[in-house]
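Structure at a glance
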Amino acid sequence: MATVSQWVQGARLRTLPMAIAPVVVGSAAAADLDGFHLGRAVLALLVSLALQIGVNYSNDYSDGVRGTDDVRVGPLRLTGSGAARPGQVKAAAFACYGAAMVLGLILVVWAQTWWLIAVGALAVLAAWYYTGGKKPYGYLGLGEVFVFIFFGLVAVLGTTYTQALEISGLAWVGAIGCGLISTALLMANNVRDIPTDREAGKRTLAVRLGDTGARWSYPVMIGVAALLPLIFIGQHPLLLAVAVATLAAGFDPSRTMIRAKERHELIPVLKATGMLGLMYALLFALATLL
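What counts, and at which threshold
All residue numbers refer to position in the chain's written sequence, counted from 1. The model is predicted, so local features are restricted to residues of pLDDT at least 70 and side-chain atom pairs to those at 80 or more, both for listing and for counting; the totals for chains, interfaces and linings are taken over all residues. Where side-chain values are given, they derive from all heavy atoms of the structure, hydrogens and water being excluded. Here a helix means four or more residues in a row that DSSP labels H or I, a strand means two or more in a row labelled E, and each is numbered from the N terminus. The cut-offs for exposure are 20% and 50% of the maximum accessible area for each residue type, with area from a 1.4 Å probe on protein chains only; residues under the lower value are buried, those over the upper are exposed, and the others partly exposed. We call two residues in contact when some of their heavy atoms are within 4.5 Å. Note on scores: pLDDT gives the predictor's confidence for each residue, bounded by 0 and 100. Given the number of residues in a helix, its expected span is that number minus one, multiplied by 1.5 Å. Here the bend at a residue means the angle between the axes of two seven-residue stretches, the one that ends at it and the one that starts at it. Nine residue types can take part in a nonpolar core, namely buried Ala, Val, Leu, Ile, Met, Phe, Trp, Tyr and Cys, and a core is a set of them joined through side-chain atoms within 4.5 Å. For patch detection, residues must exceed 30% relative accessible area and be free of salt bridges, and they are connected within 9 Å for like charges or within 5 Å for nonpolar side chains (Val, Leu, Ile, Met, Phe, Trp, Tyr). Calculation of accessible area relied on Shrake-Rupley with a 1.4 Å probe; when residues are assessed, cover is drawn exclusively from the protein chains displayed. One speaks of a salt bridge when a side-chain nitrogen belonging to Lys or Arg is within 4 Å of a carboxyl oxygen belonging to Asp or Glu.

All right, on to the side chain of Thr 160 then. Considering the arrangement of structural elements, one finds Thr 160 in helix α7 (residues 143-164). Accessibility expressed as a relative area gives 0% for Thr 160, which makes it buried. Among residues more than four places away in sequence, those in contact with Thr 160 are Gly 26, Ala 29, Ala 30, Leu 33, Leu 165, Glu 166 and Ala 171.

This part is about the confidence of the model for the chain. Here the chain shows a mean pLDDT of 90. Residues at 70 or above account for 97%. The element-level mean pLDDT for the chain is lowest in helix α4 (residues 78-81), coming to 80, with helix α11 (residues 239-259) highest at 96.

With 22 residues, α7 should reach 32 Å at 1.5 Å per residue; the first-to-last C-alpha distance of 30 Å fits that figure. Of all the bends in α7, the largest measures some 30° and sits at Val 154. With 17 of its 22 residues buried, α7 lies for the most part within the structure.

A general tendency of soluble globular proteins is for nonpolar side chains to be buried together. The biggest cluster of nonpolar side chains holds 41 residues, and the ones touching the most others in it are Val 191, Tyr 218, Leu 239, Met 257 and Phe 284. At the level of elements, α2 (17-32), α7, α8 (169-192), α10 (205-227), α11 and α12 (267-289) are the ones that each hand at least two residues to this core. If you tally residues by element for this core, the top one is α8, at 12 residues. Apart from the residues lying within four places of it in its own chain, the contact partners of Tyr 218 are Ala 184, Ala 188, Pro 253, Ser 254, Met 257, Val 269 and Thr 273. Counting residues in each nonpolar core, the second largest holds 29 residues, with Ala 84, Ala 123, Tyr 130 and Leu 186 among its members.

Now for unusual backbone geometry. Outside of glycine, negative phi angles account for most residues, and trans bonds account for most peptide bonds. In this structure, Arg 12 takes a positive phi of about 55° despite not being glycine. As for its placement among the helices and strands, Arg 12 is situated in the loop between α1 (4-11) and α2. Positive phi outside glycine occurs at Asp 34, with the angle close to 60°. Of note, Asp 34 is situated in the loop between α2 and α3 (38-66).

Moving on, we come to the environment of Leu 278. Note that Leu 278 resides in helix α12. On the basis of relative accessibility, which here comes to 19%, the residue Leu 278 falls in the buried class. C-alpha of Leu 278 to C-alpha of Leu 122: the two residues are 156 residues apart in sequence and 25 Å apart in space. Those residues in contact with Leu 278, other than ones at most four positions away along the chain, are Pro 17, Met 18, Ile 20 and Ala 21.

Next up on the list: a nonpolar patch on the surface. Side chains of Phe 36, Leu 38, Val 42 and Leu 46 sit close together on the surface and give an oily, nonpolar patch of about 370 Å² of accessible area. Looking at the secondary structure, you find Val 42 in helix α3.

In C-alpha cells:
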C-alpha cells in the first residue's frame, strides 16, 4: 500500500503552479474590467487544482497499465512502480474529477454562466482521454493541444468570464501566455521521456518533432509568452517588466533543454518551468493592477 508521501509524489506537486497561474492571470484581467470577485476566484482555483491533480493521477494509471512507465526517469509513478494498485490510482483520479465537477457547478450557478457546464464536461473528458481509453490522444501527439487549450485558454478566460461576465484582449494575451508556458513544461517532460515513449508506442509531439526540434520548441514558447503582453504596453507600461523577467528566468532552463546530454538533467527544468509560470502570472497581475 502506498504511503501518504508516495501519494503526494504521485500528485506531482511541481505541476500545480500551472493550475494556479491561469487563475491569477484571469482574475487580474477581471479586475482590469472592474469585475474581480474573490469568492469566484477561489472556486476557479480549486477547480483548476482538482483537474490538474486528476490529470496527474489518471496519467499515472493509464501509462502504468500500458507499461509506458516500466522504465522511467523522473518522479515516482504509483502504478508503474507498484506502490499502489491500478484501481486505487484510477479511483483517486476520478475522485479529483468529481470534486472539480461539483466545485465547477457551484461556480457556474453562482456566476449564472450556464453554458460553461458544457465546457467543464469537455475539460473532464479531455483530461481522462489524454492517456485513458482505447485510443488516447496524448499518444498521438495531441497532448500539448489539450494543455494549451484547457490550462491556458479555458482556465484563464473561464476565470475572467465567471467574474466579469466578459472577456478582454488582455485576458486573451494572458491566456495564450499561460498556455504556452504550460505547454513548454509538458514538452520538457516529454523530451525527457522520448526514448521510453518511442519504445512504448507513445507518439507524443516531442517524439514526432524529434529530439532537436522538441528541445528548441521550448525556448520559442517561452519567448512568445514573454513578448506577447507587450501588445498592451501602452495601457500597462509595467508589462515590460513581465517580458524582461520571463526572458531572464527562462534563459537557464532553455539552455539546459538545448544542451543537456543525459535525460535526468532535464528534471530540474520541470520545476523551473513551473516556477516560471507562477512568476509570469504574478508579475502579469501586478503589471495589470498597478
